[in-house]
Amino acid sequence: CFPNYPSNIKYNVNATKYLQIFFQVKLKPSVEVRKDWELQVEIEFSQISKLNLPYPEDKVTNLVECGSLEYYDKKYDRVTTKAEKPLMMSNRLFHYVSTTDDPIIRELAKEGHVFATDSILATIMTCPRSYYSWDIIIQRVGSRLFFDKRDDSDFDLLTVNETANDLPVNDGSGNSLSKLSLEATYINQNFSQQVLKKDQKYSYKRPNPFVGEDDEQEASSVAYRYRKIPLLGHAEPLTLICRTEIDALTTNTSGDEQLMNIKALNEWDLKGGASEWRQKLDTQRGDILTTEMKNNKCKLAKWTVSSILAGADILKFGYVTRSMPRSSGESIGHSILGTQQFIPKQFAGQISLDMNNAWAILRVIVDKCMQLTDGKYVLYKEPGKGILRIYKVPPNTFEDDVEESSDEDK
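Described in the following lines is the structure provided in the data block. Bear in mind the structure is a predicted one, so any value in this text is a computation, not a measurement.

## Considerations on the overall build of the protein chain
For the protein chain, the helix and strand inventory stands at eleven helices and 15 strands. A buried classification covers 54% of the 410 residues belonging to the protein chain. For the protein chain, the accessible area works out to roughly 19,000 Å², and carbon and sulfur atoms hold 47% of it.

Here it is as structure tokens:
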């Protein structure tokens, strides 16, 4: 139903409904905590939600920039509910490569102490907003930390209504939690490529490091910026090396080029088969965005943090809704109803995201990890609870899982 998934992903209610949501969504762990895992650290969100450490924006250095970017097509700024555009499927390839699998991260291993991708950092930095469970692998190697995601996890799938009063339920329906997550990811991938000018591209000196000679599909428009950021604080100063992403280029009214990240908000709960966004988006866009801020405050915060880490000038949102299915059994179509853009730092203020608090949270996690001995660890977010736990795990943890999964796919 929703093709073109990320390459490393397999692919106030009554008491009865409350219990259904509680057991099917709230208590679903992202990973099974095994008997041989040793608990090292436990952090409650209440301990870190008020911390403050200035984000050193003026001390960020770009070490490597690579890939190629297409330009945003401004005709999509004129899309309205009365002149909507169908969402078209893109056959472009999206790469979701973790930290230690990145050849450029390996190349920069002597440049810093802490290594991660922007999506991993954003997950950690916005953790007090998260409700669903997630986990991150941590490798302590001498004086260095590497933050990774599991190859067989759902880490790169987008959440839907994670912070809403009525959470989606995994009940096997078309609006089940897992299907909504796939749908949102599919929409974001395709929207981010559709709104670009295919005949206008800027290529950096270094190519996309994840494109292989045998790739049959064209890679998506993306630039990777490997950035060096000082991690200051009361403890020993450290250096963070972060791979960040930019989706496109655009120009402002003065003709100056700007870096842009492109995301899509999607409407899925069509009450009575009718789209509320089609009725209200042109005249009450602020109300719709406010609702999205409430229902998806974790996802929006992660997008904003990632854009700030990358140094993006613009964060562009598309509003996408479902089209009515053409007939039973066919894929659900989608339509673009409008767009809106923000300066990431200003949007952070609108969603009450304190970048200094987010940066302080990261520093606390790093400091805790730097106190551990060499080895492999898992940073685990409890489902439905404001608790982070760090477990020490055997060196081969998850490796057997990947091998078994590969055998099953043969």
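## A short note on the environment of Val60
When you line up the elements, Val60 lands in the loop between helix H2 (45–48) and strand E2 (61–72). According to the relative accessible area criterion, Val60 is buried, its value standing at 18%. Sequence spacing of Val60 and Gly311 is 251 residues, and the spatial spacing of their C-alpha atoms is 9.2 Å. Ignoring anything within four residues of it in the chain, the contact list for Val60 reads Tyr55, Arg227, Lys228 and Ile229.

## Re the side chain of Asn208
Within the fold, Asn208 resides in the loop between strand E7 (196–203) and strand E8 (222–231). Of note is the side chain of Asn208, whose polar atom sits 2.8 Å from the backbone nitrogen of Phe210.

## Considerations on the packing of aromatic side chains
Under the counting rule described, the total for this entry stands at twelve aromatic pairs. The interplanar angle of 75° and the centroid separation of 4.9 Å between the aromatic rings of Tyr55 and Trp359 together place this pair among those described as edge-to-face. Residue Tyr55 is located in the loop between H2 and E2, and its partner Trp359 is located in helix H10 (residues 355–370); the two are separated by 304 residues in the primary sequence. Accessibility expressed as a relative area gives 12% for Tyr55, which makes it buried.

## Side note on the pairing of strand E15 (residues 387–393)
Within E15, six of the seven residues are buried, which leaves the element mostly enclosed by the surrounding structure. Summarising the sheet, strand E1 (residues 38–44) and E15 pair through six bridges and their orientation is antiparallel. The residue bridging Glu42 from the neighbouring strand is Arg389, located in E15. Turn length for the strand E14 (residues 375–381)-E15 hairpin, with the two strands adjacent in sequence and antiparallel, is five residues, and the turn residue Gly384 shows positive phi of about 75°.

## A look at helix H5 (residues 177–194)
Taking 1.5 Å as the rise per residue, H5 with 18 residues should run 26 Å; its terminal C-alpha atoms sit 26 Å apart, in good agreement. Across the 18 residues that make up H5, a large majority, 16, are buried.

## Side note on the environment of Glu44
Tracing the sequence through the fold places Glu44 in strand E1. Taking the C-alpha atoms as reference points, Glu44 and Lys385, 341 residues apart in sequence, are found 8.9 Å from one another.

## Topic: the nonpolar core
Residues Phe147 and Trp359 are the most contacted members of the largest nonpolar core, which totals 67 residues. Here the element with the most residues in this core is H10; it accounts for ten residues. If you look at the next biggest cluster of nonpolar residues, it comprises 16 residues, including Phe191, Met260, Ala264 and Ile336.

## Focus on the environment of Asp151
By secondary structure assignment, the location of Asp151 is in the loop between strand E6 (144–148) and H5. For Asp151 and Val97, which are 54 residues apart along the polypeptide, the C-alpha to C-alpha distance reads 8.9 Å.

What counts, and at which threshold
- Residues numbered from 1 in each chain as written.
- Predicted model: local features only at pLDDT ≥ 70, side-chain atom pairs only at ≥ 80, totals over all residues.
- Heavy atoms only, no water.
- Helix = DSSP H or I, 4+ residues; strand = E, 2+ residues; numbered from the N terminus.
- Buried < 20%, exposed > 50% of the residue type's maximum accessible area, 1.4 Å probe, protein only.
- Areas by Shrake-Rupley, 256 points an atom, 1.4 Å probe, with all protein chains shown as cover.
- Contact = heavy atoms within 4.5 Å.
- Polar contact = N/O pair within 3.5 Å; in protein donor to acceptor, adjacent residues only side chain to side chain.
- Phe/Tyr/Trp six-rings, centres within 6.5 Å; stacked < 30°, edge-to-face > 60°.
- Pairing = 2+ DSSP bridges.
- Expected span 1.5 Å × (residues − 1).
- Core = buried A, V, L, I, M, F, W, Y, C linked by side-chain atoms within 4.5 Å.

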